[in-house]
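Read off the chains here:
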Amino acid sequence: MPTLRVELFEGRTAEQKRALAKELTEACVRVLGGSADGVDVLFFDMRREDWASGGVLWSDKAKTPSPT
């Protein structure tokens, strides 16, 4: 069965991760078959300064005012 790697910005609670792990596991079992025990979910909390999209760090995007 699969191992799912979930990368997200830090700050999510254990309750949120628990709920997501449950939903992802149920989806894998429903679509792929097998048992829930065979599904692994790994969470990687990322700091905004460690992630960039479009060449811009997310920590910098938070500092830039949105155009109105």
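As the structure is a computational prediction, the values presented were derived from the model and not from experiment. All residue numbers here refer to positions counted from 1 along the written sequence of the relevant chain. Only residues with pLDDT of 70 or above have their local features reported here, since the model is predicted, and side-chain atom pairs are shown and tallied only from 80 upward, although totals for entire chains, interfaces and linings are computed over all residues. Neither water nor hydrogens contribute to the side-chain values; these are computed over all heavy atoms in the structure.

Section: the packing of aromatic side chains
Part 1 of the reasoning: Side-chain rings of Phe, Tyr and Trp, where Trp is taken by its six-membered ring, are said to pair if the distance between their centres is within 6.5 Å; with planes under 30 degrees apart they count as stacked, over 60 as edge-to-face, and otherwise as tilted. Under the definition given, this model contains two aromatic pairs.
Part 2 of the reasoning: Note on F9 and W58: the rings are 5.5 Å apart at their centroids and 65° apart in plane angle, and the pair reads as edge-to-face. Of the two residues, F9 is situated in strand β1 (residues 3-9) and W58 in helix α2 (residues 58-61); the sequence distance between them amounts to 49 residues.
Part 3 of the reasoning: Exposed residues in this analysis have more than 50% of their type's maximum accessible area, buried residues have under 20%, and partly exposed residues fall in between, with area computed by a 1.4 Å probe over protein chains only. Relative accessible area serves as the criterion here: at 14%, F9 is assigned to the buried category.
Part 4 of the reasoning: The class of W58 is partly exposed, set by a relative accessible area of 28%.
Part 5 of the reasoning: In textbook terms, an aromatic cluster arises when at least three aromatic residues are bridged by ring pairs, as seen for F9, W51 and W58.
Part 6 of the reasoning: The positively charged end of R5 is found above the aromatic ring belonging to F44, 3.7 Å away from the centroid.
Part 7 of the reasoning: Think of it as a cone above the ring: NZ of Lys or CZ of Arg counts as a charge over the ring if it is within 6 Å of the ring centre and within 35 degrees of the ring normal. The ring of F9 has R48 lying over it, and the distance from NZ or CZ to the ring centre is 4.2 Å. In this description a helix means any DSSP run of H or I spanning at least four residues, a strand means any run of E spanning at least two, and both kinds are numbered starting from the N terminus.

Side note on the side chain of K17
Part 1 of the reasoning: In this structure, K17 sits in helix α1 (residues 14-32).
Part 2 of the reasoning: The residues contacting K17, other than those within four sequence positions of it, are R12, F43 and D45. Contacts are assigned to residue pairs with any non-hydrogen atoms lying within 4.5 Å of each other.

Focus: the environment of E7
Part 1 of the reasoning: Inspection of the secondary structure puts E7 in strand β1.
Part 2 of the reasoning: Along the chain, E7 and A19 lie twelve residues apart, while their C-alpha atoms are 15 Å from each other.
Part 3 of the reasoning: Within the structure, the side chain of E7 is placed 2.5 Å from the side chain of R5, a separation counted as a polar contact. Each polar contact in these results corresponds to two N or O atoms within 3.5 Å; when the atoms are within protein, one needs to be able to donate a hydrogen and the other to accept it, and residues that are neighboring in sequence are counted only if both atoms are side-chain atoms.

So, the pairing of strand β2 (residues 40-46)
Part 1 of the reasoning: Bridge analysis of β1 against β2 gives seven bridges, and the strand direction is parallel. Looking across to β2, one finds that L4 is bridged to V41.
Part 2 of the reasoning: A crossover gets the label right-handed when its path from the first strand over the helix to the second runs clockwise, viewed with the strands pointing away from the viewer. This β-α-β element, β1 to α1 to β2, shows right-handed connectivity. Should DSSP find at least two bridges between two strands, the strands are regarded as paired.

Some points on the nonpolar core
Part 1 of the reasoning: The biggest cluster of nonpolar side chains holds six residues, and these are V6, L8, A21, C28, V39 and V41.
Part 2 of the reasoning: Elements that contribute at least two residues to this core include exactly β1 and α1. Working definition of a nonpolar core: buried Ala, Val, Leu, Ile, Met, Phe, Trp, Tyr and Cys residues. They are joined through side-chain atoms within 4.5 Å.

Concerning the pattern of salt bridges
Part 1 of the reasoning: Salt bridges, as used here, are contacts in which a Lys or Arg side-chain nitrogen is within 4 Å of a carboxyl oxygen on Asp or Glu. Scanning the entire structure with this criterion turns up five salt bridges.
Part 2 of the reasoning: Across the pair K17 and D45 runs a salt bridge whose closest N-O atoms are separated by 2.8 Å. Highlighted residues: K17 in helix α1 and D45 in strand β2, separated in sequence by 28 residues.
Part 3 of the reasoning: A residue is classified by how much of its surface remains accessible, and K17, at 19% relative accessible area, is buried.
Part 4 of the reasoning: Sharing partners across several salt bridges, the network here consists of R47, E49 and D50.

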